[in-house]
Amino acid sequence: MTAITGTREQAPDGLAPSSEPFGVFTDIEKRFALGDGSYLTAIEKLSLTLEKGQLISLLGPSGCGKTTFLRIVAGLEQASMGEVRIEGKSISGPHPDFAFVFQQPNLMPWRTVLENILFPLEIRREKTPKGVDRARELVELVGLAGFEDRYPSELSGGMQQRVALCRALVHDAKLLLMDEPFGALDELKRMEMHDLLLSIRARTNVSVLFVTHSISEAIYLSDMVAVFSRRPATIRDRIEISLPYPRQGEMRYGADFTRYEHEASRLLGIVR
Ligand SMILES: Nc1ncnc2c1ncn2[C@@H]1O[C@H](COP(=O)(O)OP(=O)(O)OP(=O)(O)O)[C@@H](O)[C@H]1O
Ligand SMILES: [Mg+2]
């Protein structure tokens, strides 16, 4: 796979390095006020540490609170209790050094594929010829060459999701938050995207929180899998994945991989 160009640059208001781990999420709790005056507790006492460059998957059943947790980390949602710290600073709103791939592609329908991907560079005033080259390179890597000038409505759901992925990767974020980004892709494309994500992580050392329902996806990608409980979400257990990087497709069929799958299934209550 081609290596993509571009160097890591510090944003003018970039996060300062600190001695504590990259991301520290402490005792996060989220209660939603419902229309009838009652509350729904989506997350309860959830604590997690994300090291610089680490890729953690958040694996859990539907409706347990994964998206809510990711939105809190992204600063898009306020926790009812607890604290999100990134590089030593408390986070209370969206930060330009973060990139988010939502469960839905959320593309701007009036912009073409390329214009959507370039949007983060525009708001950061970094739309240089080099940035445009990088966007075009990403388009090629995700298999969308030739679609640069098409509009989102002319693409399939899986193609739109790949555009959203390029948009998240175009500006070398420090923290990549991904919410089931490959759910709409077929198996083959999904595996290609896994290797693309891992090669970009290896090159940029970006820290990643990756939400998924898929046990095998979580294991293949991650340094560590955090298995969520049913709602209200808390972390049931953590599985350190000691398969070496770069990960290879054949590892999916190895004994270690199967052992991790079994352990995750047990923690999810699928098998005993
Ligand atoms: N704005 C909101 N107001 C009230 N309840 C909400 C709100 N957002 C989420 N919830 C509730 O919080 C719980 C967790 O939702 P969340 O979207 O975080 O789950 P999830 O783990 O991402 O699920 P899925 O895997 O299906 O995407 C659900 O019961 C949901 O109904
Ligand atoms: Mg979700």
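What counts as what
Residues numbered from 1 in each chain as written. Chains lettered and ligands numbered in written order. Predicted model: local features only at pLDDT ≥ 70, side-chain atom pairs only at ≥ 80, totals over all residues. Heavy atoms only, no water. Domains from an automatic or database assignment. Contact = heavy atoms within 4.5 Å. Buried area = accessible area lost by both parts, 1.4 Å probe. Salt bridge = Lys/Arg side-chain N within 4 Å of Asp/Glu carboxyl O. Polar contact = N/O pair within 3.5 Å; in protein donor to acceptor, adjacent residues only side chain to side chain. Helix = DSSP H or I, 4+ residues; strand = E, 2+ residues; numbered from the N terminus. Pairing = 2+ DSSP bridges. Axes fitted to C-alpha atoms, helices over the stretch in contact; angles between N-to-C directions.

Attention shifts here to the domain arrangement of the protein chain. For the protein chain, the domain assignment lists domain 1 (2–20 + 50–76 + 175–268) and domain 2 (98–173). Measuring from the centre of the C-alpha atoms in domain 1 to the corresponding centre in domain 2 gives 21 Å. Residue-level contacts link 32 residues of domain 1 with 23 residues of domain 2. Approximately 2,500 Å² of surface area, both sides summed, lies buried where domain 1 meets domain 2, with 62% of it carried by carbon and sulfur atoms. At the junction of domain 1 and domain 2, the tally comes to one salt bridge. The salt bridge partner of aspartate 172 is arginine 203, with a shortest N-O separation of 3.8 Å. At the junction of domain 1 with domain 2, the criterion picks out seven residue pairs in polar contact (both at pLDDT 80 or more). Those elements that place two or more of their residues in the side of domain 1 that touches domain 2 are helix H1 (66–74), strand E7 (175–179) and helix H5 (187–204).

What the six strands build is an open sheet, ordered E6-E7-E8-E3-E9-E10; its pairing is mixed. The sheet terminates laterally at strand E6 (98–101) and strand E10 (235–240), the two strands that pair on one side only. Taken over all neighbouring pairs, the strand axes of this sheet differ in orientation by 15 degrees on average, direction set aside. Two elements, strand E3 (residues 55–59) and strand E9 (residues 224–228), share four bridges in a ladder whose sense is parallel. Across the sheet, residue leucine 59 finds its bridge partner in E9, namely valine 227. Packed on one face of the sheet, H5 meets E3, E7 and strand E8 (207–212) and runs near 140 degrees to E3. Taken strand by strand, helix H7 (residues 255–268) contacts E3, E9 and E10, and its axis lies near 175 degrees from that of E10.

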